[in-house]
Amino acid sequence: MKPVLSYFTTQNIAAFILILFCIQYIPIESRDGISYLKLGVSLICPFIFIVKSPQISKPVVYFAIYYMLVIIAAISHPATLRWSTVLFMATFLITYITFYNLIVVQHAFSKDFFASLIRKLIYAYCIVLILQQCLLIAGIKIFPLLNLVQDLERGLGANSLTYEPSSVAVILSFAYLSLLRMRELDLGHKLTWAEVWANERLATLAFFYTMIGVVSGTAMVALAIIALYFIPRKNYILSILIVFIIALLFFNVDFLPLNRARDSFLAFLTLDREKVMQADASAAARIIPIVNTLTELDLTSWEGWFGHGVDYGLSKWIFSERTMVGGIADYGFLSFIIMQLAVYSCMIKRFFSLETLLWTCIGLLTLANVPLNWGAMMMFTVVRYFQTEYRNERCFSNNS
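Fair warning: this is a prediction, and the values are worked out from it, not measured in the lab.

A. Geometry of the packing of helix α1 (residues 10-20) against helix α3 (residues 36-52). Taken N-terminus to C-terminus, the directions of α1 and α3 make an angle of 150°; their axes are 12 Å apart at the nearest point. As judged from the angle between their axes, α1 and α3 are roughly antiparallel. Where α1 crosses over α3, the two elements pack in a sense that is left-handed. Residues Thr10, Ile13, Phe16, Ile17 and Leu20 of α1 lie in contact with α3, whose contacting residues are Leu37, Lys38, Val41, Cys45, Ile48 and Lys52.

What follows is the structure, given as structure tokens:
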């Protein structure tokens, strides 16, 4: 029998952190509030960092600056200061830094291992959803063992391995695109639909079934973004035809999650919070911060650049004019810029990419204290690492 400590390898630790932040098992972690399991792992991460990889890497620098701006915003408004929120954010930052160093500095994952891990994550989401749907068909709406803890009133729509259907859309869209990117590195080019079907048939079926099965407007938007992957770059006629078909389906098919996404999109175009809330209260929690950022952000004020302090965005109401993307209302536009610099230095390789679309439309340009968003961007971090490695290998081969 192997010694227990032999299992604490950089690969296993990094894999555990990644999967933990890509799921929410409600019986242990709860549906709302703090996940003490994630918090406990985050508190161990400083020791992992010191023992396994104590290097000063890029995210250390970026997030140190970001956190300094958070502190400035917090202490500038002592009346609303809650140190628990500020300290909780620090746990996410150190967890990501630890994960980054394990991947980028210590090379914890191989390409095959990461692809297999993401594939299994997609399978797990699909299997849990199917089991939840079987329970719903049988009339069982509460079954905590399978993460089913409430009736969402969406027919067979359920929350799978997260706390709500829209969160499923976040993780699976990021996971599936990550899997496609890893396959690109194997084949040396952007994949065609035929190549995806030949190489990732089961994962693709599991992905599409789950995204449709959770009955989520957010999932429909994510699917539309993923569909753009298959638009050929050089065949303009076919590209226009595919975009036309996607738009036709989006605006004309009578399907509950599509209806939710369509109504929310049309309401968003009005930049009217009331209409957004009337269209879809669930989607409004994601759309209203975007509307507020476009209509309420004042960059001629100190607060516009340095924020109004901790929890300012949520202090009035989640659907109020105060909530903005990326924690801008709380910590200011300057901290938002630093966050984006960290994202495009450590997590996303190309600005003009599907990764940016997912980060903007599904991730809402926000990390903050949202565990699943951190998990999603951890996947992109690994992809960016392997994309950089692949480019360096090609450059070395060309120069040899």
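B. Representation of a nonpolar patch on the surface. Together, Leu241, Phe244, Ile245, Leu248 and Leu249 make up a nonpolar patch on the protein surface, roughly 470 Å² of accessible area in all. For Leu248, the location among the structural elements is in helix α11 (residues 236-252).

C. Representation of unusual backbone geometry. One non-glycine residue with positive phi stands out, namely His107, at about 55°. Mapped onto the elements of the fold, His107 is located in the loop between α5 (83-105) and α6 (111-137). With phi around 55°, Val215 is a residue other than glycine that occupies positive phi space. Mapped onto the elements, Val215 comes out in the loop between α9 (201-213) and α10 (217-227).

D. Local environment of the nonpolar core. Among the nonpolar cores identified, the biggest contains 115 residues, and Phe63, Phe109, Phe114 and Met379 are the most heavily contacted of them. At 13 residues, helix α7 (residues 165-187) tops the list of elements feeding residues into this core. Filtering out sequence-adjacent residues up to four positions away, Phe109 remains in contact with Gln11, Ala14, Ala15, Leu18, Phe99, Ile103, Phe114, Leu117, Val382 and Phe386.

E. Spotlight on α10. Judged by how many residues are buried, α10 sits mostly within the fold: eight of 11 residues are covered. Along α10, the residues that are buried comprise Gly217, Thr218, Ala219, Met220, Ala222, Leu223, Ile225 and Ile226. The backbone nitrogen of Thr218 has a side-chain oxygen 3.2 Å away, supplied by the residue at the start of α10, namely Ser216.

F. Highlighting the side chain of Glu184. Tracing the sequence through the fold places Glu184 in helix α7. The buried category is assigned to Glu184, whose relative accessible area is 14%. Apart from the residues within four sequence positions on either side, Glu184 is in contact with His189, Lys190, Leu191 and Tyr229.

G. Up close: the environment of Cys134. Summarising the element assignment, Cys134 is placed in helix α6. The spacing of Cys134 and Leu156 is 22 residues in sequence and 8.6 Å in space, taken between C-alpha atoms.

H. Spatial organisation of the packing of aromatic side chains. This structure, assessed with the given rule, holds 24 aromatic pairs. Ring centres of Tyr96 and Trp374 lie 5.7 Å apart, and the angle between their planes is 45°; on these two criteria the pair is classed as tilted. In this pair, Tyr96 sits in helix α5 while Trp374 sits in helix α19 (residues 371-399), placing the two residues 278 residues apart along the sequence. Comparing Tyr96 with Trp374, the two get one shared label, buried. For the pair Trp305 and Phe333, a centre-to-centre distance of 5.5 Å together with 75° between the ring planes defines the contact as edge-to-face. Separated by 28 residues along the polypeptide, Trp305 in helix α15 (residues 302-306) and Phe333 in helix α17 (residues 328-346) bring together distant segments of the chain. Take Trp305: its relative accessible area is 31%, and that puts it in the partly exposed class. Among the aromatic residues, those joined into a cluster by ring pairs are Phe21, Phe63, Tyr66, Phe88, Phe92, Tyr96, Tyr100 and Trp374. Above the plane of the ring of Tyr229 lies Lys190, whose end atom (NZ or CZ) is 4.5 Å from the centre.

Cut-offs and rules
- Residues numbered from 1 in each chain as written.
- Predicted model: local features only at pLDDT ≥ 70, side-chain atom pairs only at ≥ 80, totals over all residues.
- Heavy atoms only, no water.
- Axes fitted to C-alpha atoms, helices over the stretch in contact; angles between N-to-C directions.
- Helix = DSSP H or I, 4+ residues; strand = E, 2+ residues; numbered from the N terminus.
- Parallel < 35°, antiparallel > 145°, perpendicular 65-115°, else oblique.
- Left-handed = near helix turned anticlockwise from the far one by under 90°.
- Contact = heavy atoms within 4.5 Å.
- Patch = residues over 30% accessible without salt bridge, like charges linked within 9 Å, V, L, I, M, F, W, Y side chains within 5 Å.
- Areas by Shrake-Rupley, 256 points an atom, 1.4 Å probe, with all protein chains shown as cover.
- Salt bridge = Lys/Arg side-chain N within 4 Å of Asp/Glu carboxyl O.
- Core = buried A, V, L, I, M, F, W, Y, C linked by side-chain atoms within 4.5 Å.
- Buried < 20%, exposed > 50% of the residue type's maximum accessible area, 1.4 Å probe, protein only.
- Polar contact = N/O pair within 3.5 Å; in protein donor to acceptor, adjacent residues only side chain to side chain.
- Phe/Tyr/Trp six-rings, centres within 6.5 Å; stacked < 30°, edge-to-face > 60°.
- Lys NZ or Arg CZ within 6 Å of the ring centre and 35° of its normal.

So far we have only geometry, and geometry alone does not tell us how the molecule works.
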